[in-house]
Structures are given as C-alpha cells and as structure tokens.
Amino acid sequence: MANHKSALKRHRQSLKRRARNRISKTRIKNTVKDVRVAIEEKDVAKAQEALKAATSILDKAARKKVIHTRQAERRISRLQTAINKIEA
C-alpha cells in the first residue's frame, strides 16, 4: 500500500476511475448483446433501434477514453454489417 500523501490520493482516484469505467464497459456489453439478440431473431427494426443506442454508448465511451476510438468504430461497423446481412 502507498505511504506518501500523493500516492494515496492517486490510489483513491484510480479506484474512482475504475468504477466509472466498469459501469461504462458493462453498459457497452449489454447494449451490444441487445443488438446481437435482435440479429439472432432476424428482427431488423429491433436491431436498428438497438444499434442506434449501442452506437451512442460506444461513441460516448470512446470520447471519454474508456475504450479506444477505433475499437468503437470497429464494433459499430461489425454490428451494422451483421444487420445488413439479415436484411438481404
């Protein structure tokens, strides 16, 4: 455990950030899962709505540096591609 005052503060900050990031990552997982479930059911309208919500959450996480920008773009792209496949 840290002994210096500044190191103790850094530790407290890291715990807060970790909690905040975990909330965001859990939200990402749940919304992406909603899109995947809609794709499995071949429900295009439901999948599009779920993708809209997932896109918003992924972009927000990327803006806040919870995940990398390119990771957010890649996930959105792959979900959109999957939806396009069930539309055809």
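That block above? That's the structure.
Residues numbered from 1 in each chain as written. Predicted model: local features only at pLDDT ≥ 70, side-chain atom pairs only at ≥ 80, totals over all residues. Heavy atoms only, no water.

Asker: Teacher, can you tell me more about the packing of helix 1 (residues 5–40) against helix 2 (residues 44–63) here?
Answerer: Relative placement of two packed helices is described by the angle separating their axes and the distance separating the axes. Closest axis-to-axis distance for the helix 1/helix 2 pair is 8 Å, and the angle between their directions is 160°. For the element pair helix 1 / helix 2, the angle class is roughly antiparallel. For the crossing formed where helix 1 meets helix 2, the hand is left-handed. When helix 1 is examined against helix 2, the residues Ser24, Arg27, Ile28, Thr31, Val32, Asp34, Val35, Ala38 and Ile39 are found in contact with a partner set consisting of Lys46, Ala47, Ala50, Leu51, Ala54, Ile57, Leu58 and Ala61. Within the contact of helix 1 with helix 2, the residues separate by chemical class into 12 nonpolar, 2 polar and 3 charged. (Axes fitted to C-alpha atoms, helices over the stretch in contact; angles between N-to-C directions. Helix = DSSP H or I, 4+ residues; strand = E, 2+ residues; numbered from the N terminus. Parallel < 35°, antiparallel > 145°, perpendicular 65-115°, else oblique. Left-handed = near helix turned anticlockwise from the far one by under 90°. Contact = heavy atoms within 4.5 Å. Nonpolar A, V, L, I, M, F, W, Y, C, P; charged D, E, K, R; others polar.)

Asker: Is there a simple way to explain the nonpolar core in this structure?
Answerer: A general feature of soluble globular proteins is that nonpolar side chains tend to end up buried together. Ranked by internal contacts, the top residues of the largest apolar core, which has 20 residues, are Ile28, Val35, Ile39, Leu58, Ile67 and Ile83. Contributions of two or more residues to this core are made by helix 1, helix 2 and helix 3 (69–87). Counting residues per element, this core draws most heavily on helix 2, at 7 residues. In this structure, Ile67 is in contact with Ile28, Leu58, Ala61, Ala62 and Ala72, ignoring residues within four places of it in sequence. (Core = buried A, V, L, I, M, F, W, Y, C linked by side-chain atoms within 4.5 Å. Buried < 20%, exposed > 50% of the residue type's maximum accessible area, 1.4 Å probe, protein only.)

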